[in-house]
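Next come the chains, spelled out residue by residue.
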Amino acid sequence: MSWKRTVGLAAACLCLVHCGYRLRGTGTFLPPNVKKIAVPMFKNMTTRFELDVKLTQGVIDELVARGKVQVSGSPENADALLIGEITAFSVNPIGFSSQNTADRYSIVVVARIVLRDLASQKVIFSNPSFVYQEEYEVPQGTSYETWETQALSKVAEKFARSLVSTLLEGF
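Rules used throughout
Residues numbered from 1 in each chain as written. Predicted model: local features only at pLDDT ≥ 70, side-chain atom pairs only at ≥ 80, totals over all residues. Heavy atoms only, no water. Pairing = 2+ DSSP bridges. Helix = DSSP H or I, 4+ residues; strand = E, 2+ residues; numbered from the N terminus. Expected span 1.5 Å × (residues − 1). Contact = heavy atoms within 4.5 Å.

Peer 1: Quick rundown of the pairing of strand E5 (residues 102–117)? Include the residues and the values.
Peer 2: Judged from the 15 bridges that link them, strand E4 (residues 80–96) and E5 form a sheet pairing that is antiparallel. Among the inter-strand pairings, Ala-88 is bridged to a residue of E5, identified as Val-110. Between E4 and the antiparallel strand that follows it, E5, lie five residues; Asn-100 among them carries a positive phi value of about 60 degrees. Bridge analysis of E5 against strand E6 (residues 123–137) gives 12 bridges, and the strand direction is antiparallel. Within the sheet, the bridge partner assigned to Val-110 lies in E6 and is Val-131. The turn joining E5 and E6, which pair antiparallel and follow one another in sequence, is formed by five residues; a positive phi near 65 degrees is taken by Gln-121.

Peer 1: If you had to explain the environment of Glu-50 to someone new, which residues and values would you point to?
Peer 2: Among the structural elements, Glu-50 can be located in the loop between strand E2 (43–44) and helix H2 (51–66). Spatially, the C-alpha atom of Glu-50 lies 10.0 Å from that of Leu-152, the residues being 102 residues apart in sequence.

Peer 1: Any chance you could break down H2 for me, citing the residues and the numbers?
Peer 2: With 16 residues, H2 extends 23 Å from end C-alpha to end C-alpha; this agrees with the ideal 22 Å at 1.5 Å per step. Where the residues of H2 are buried, they touch E2, strand E3 (70–72), E4, E5 and helix H3 (144–169). Looking one or two residues beyond H2, the residue adopting positive phi is Gly-67, at roughly 70 degrees.

Structure (structure tokens):
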């Protein structure tokens, strides 16, 4: 390898390190004192049955899977408190089959999210309108109700992944 090429590669690496580039999942955005997070049931302001249960469980599962913080069952044993309020949920048809029946849908979930440091009472993260949107196709021969139940579980998982990435890594 030539001398110029080696210097060029070293300079490129320094730029990446200097500009804050990190691999996803390797850093943390939380204060060092936050080791345990309490996640009470999200408040459901929508009419969608059990949306609060699915999203809350999804967030807890994702926090546990990441392993960067522990999840506490109560705020008394936690360093931070994650409060969620689901403010909107919609399912809208966006594609139609040749028989003019909806076969592609857009699902949108909007939630108010606040993560508070319980020692200092300072807000670590706040988003009054955290939006997650996903599009799904309904396979031919599948009922809408069956599809929606399955899609909601996937949306809860992906919503949780997106939210936890934002909380832990600042993305």
